[in-house]
Amino acid sequence: MAVERTLSIIKPDATARNLTGAINKMFEDAGLRIVAQKRIQLTPAQAGQFYAVHAERPFYGELCDFMASAPVVVQVLEGESAVARNREVMGATNPAEAAEGTVRKAFALSIGENSVHGSDSAENAAIEIAFFFSGLELVG
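All of the points below concern the structure found in this document. (Residues numbered from 1 in each chain as written. Predicted model: local features only at pLDDT ≥ 70, side-chain atom pairs only at ≥ 80, totals over all residues. Heavy atoms only, no water.)

Concerning the sheet that holds strand β2 (residues 33-40)
Defined as follows: By this definition, two strands are paired if DSSP reports at least two bridges between them. For helices the rule is a DSSP run of H or I covering at least 4 residues; for strands it is a run of E covering at least 2, with both sets numbered from the N terminus onward. For helices, the axis comes from a line fit to the C-alpha atoms of the stretch in contact; other axes are also lines fit to C-alpha atoms, and the angle between any two N-to-C directions lies between 0 and 180 degrees. Contact definition: two residues touch when any of their heavy atoms are within 4.5 Å.
If you walk across this open sheet you meet the four strands as β2-β3-β1-β4, and the pairing is antiparallel. Pairing within the sheet leaves two strands with one partner each, and these edge strands are β2 and β4 (116-118). Within this sheet the neighbouring strands show an average axis-to-axis angle of 20°, counted without direction. Across eight bridges, the pairing between strand β1 (residues 3-10) and strand β3 (residues 72-80) is antiparallel. Across the sheet, R5 pairs through a bridge with E78, a residue of β3. Across the sheet, helix α5 (residues 82-90) lies against β1, β3 and β4, angled at about 35° from β1, the strand it touches most.

Some words on the pattern of salt bridges
For clarity, the cut-off: Counted as salt bridges are all cases of a side-chain nitrogen of Lys or Arg within 4 Å of a carboxyl oxygen of Asp or Glu. Accessibility here uses a 1.4 Å probe with only protein chains present; expressed as a share of the type maximum, an area under 20% marks a residue as buried, one over 50% as exposed, and anything in between as partly exposed.
Per the counting criterion, the structure on display carries six salt bridges. Residues D29 and K25 are paired through a salt bridge, measuring 2.7 Å at the closest nitrogen-oxygen approach. Note that D29 and K25 are positioned in helix α2 (residues 20-29) at a spacing of four residues, about one turn of the helix. Among the residues examined, K25 registers a relative accessible area of 49% and is labelled partly exposed. Among the ionic pairs, K38 bridges to E137, the shortest N-O distance being 3.0 Å. Within this pair, whereas K38 is found in strand β2, its partner E137 is found in the segment after α7 (122-132), the two being separated by 99 residues in sequence. K38 gets classed as partly exposed once you look at its relative accessible area, which sits at 24%. Shared partners join several salt bridges into a network, and the residues in it are R5, R33 and E78.

Pasting the structure below:
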């Protein structure tokens, strides 16, 4: 297996409840290393640009508003098959369907307020990482 990097976002519902450390512990316990991390406040325009792939979906406006509603923690996780491993640790989008021991089962409030975002492929991870981080910020 190859060592990869993936983007993770701890969303406003989780940062508002001071869950950053607990979520980071779940990632680290799963063998993922945090190689970059920062707390930021997205504007609605920045959220819209990041989630542009969903622009035609009915939830797009609500998603952008939510992601700009409070600070988020953006981070780069590194490890063996990091994209797949991160998605496993996050759990299903719907917390009612998420497996025990996953971030969303433990912390998500709803399908919309599901505490975390993670890249869905290595290709998208590279794009998403570049959206938030310069090469100088990636230390591993």
